[in-house]
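This is what each chain is made of:
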Amino acid sequence: MASYDDIIANIPIADLASRLGVDEATARAAVDQALPALLGGMGANAQGAAGAASLERAVQHHPPQLFEGGVDLDEVDADDGDKIVHNVFGANTDQVVQKLGSSSEKAEPGLIQKLLPILAPIVLSFLASQFTKRQQGSPADTSTGGGGGIGDLLGGLLGGAGGGSSAGSAGGLGGLGGLGDLLGGLLGGGKR
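By convention here, each chain's residues receive numbers from 1 onward along its written sequence. Since the coordinates come from a predicted model, pLDDT governs what is reported: local features require at least 70, and pairs of side-chain atoms require 80 or more to be given and counted, while whole-chain, interface and lining totals use all residues. As a convention, hydrogens and water are excluded, and side-chain values are obtained from all of the structure's heavy atoms.

A. Structural view of the environment of G156. The helix count covers DSSP runs of H or I at least four residues long, the strand count covers runs of E at least two residues long, and both are numbered beginning at the N terminus. Relative to the elements of secondary structure, G156 occurs in helix α8 (residues 148-159). Whether a residue is buried, partly exposed or exposed follows from its accessible area with a 1.4 Å probe, protein chains only, as a fraction of its type maximum: under 20%, in between, or over 50%, in that order. Residue classification places G156 among the partly exposed residues on the basis of a relative accessible area of 26%. Note: C-alpha distance between G156 and Y4 (152 residues apart in sequence) is 8.6 Å.

B. Fine view of the packing of aromatic side chains. Pairs were defined over the aromatic rings of Phe, Tyr and Trp, the Trp ring being its six-membered one, requiring ring centres within 6.5 Å. Orientation was assigned from the angle between planes: stacked under 30 degrees, edge-to-face over 60, tilted for the rest. Applying the stated criterion across every chain, the model contains 1 aromatic pair. Taking 4.9 Å as the distance between ring centres and 70° as the angle between the ring planes, the aromatic pair formed by F67 and F126 counts as edge-to-face. Pair noted here: F67 is in the loop between α4 (49-60) and α5 (78-89) and F126 is in helix α7 (residues 109-137), with a separation of 59 residues, a long-range link. The class for F67 is buried, based on a relative accessible area of 6%.

C. Summary view of helix α3 (residues 24-45). Taking 1.5 Å of rise per residue, 22 residues should cover 32 Å, and α3 covers 31 Å from first to last C-alpha, within 8% of that figure. Along α3, 18 of the 22 residues are buried, which leaves the element largely enclosed by surrounding structure. Taking the backbone nitrogen of A25 as reference, a side-chain oxygen 3.1 Å away marks D23 as the first, capping residue of α3. Under the convention used throughout, the expected extent of a helix is 1.5 Å for every residue step, that is, one less than its residue count. For the purposes of these results, a polar contact is taken to be a pair of N or O atoms within 3.5 Å, where, inside protein, one atom must be able to donate a hydrogen and its partner to accept one; residues adjacent in sequence count only when each atom of the pair is a side-chain atom.

Bear in mind that shape data such as this cannot, by itself, settle questions of function.
Rendered as structure tokens:
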């Protein structure tokens, strides 16, 4: 089964740091803050049938090739990423960015705000690659009727978030200094 570390392993942290204008440690710390929140937001939206169906449609529109073989940041469409972030967090995007930025010494809100639209298409491409693998492995599992498949996939990723990372990593939503509660309370406002 795919894990959070599979996503991290394919993100070129050095290139990302250069693009964000920070050192690699700062970029990695920001990814460790933003990625679990993005996955958690998608997971919260996928809990409802309409949200899951919307997310599955979005995944189908993002080719797995962006993720496969390592991400080339020049191929990431940050404008598309911005739309994804706003679909995930809805009117609460600014609150989530502020909460993430305030819960880390290195990843201030401005950095998180730049990072989320870069990560969002990468995550959807990753999810697309996972669905492609599922389709190749067992065609009977591709129809999830209500989107349980996307919810299950995201739940599995969140369960492993930060599992093998440094002590400063998220370790799932519970380790984000109250962000799990914030997401749980706010994400009813995400687009469905």
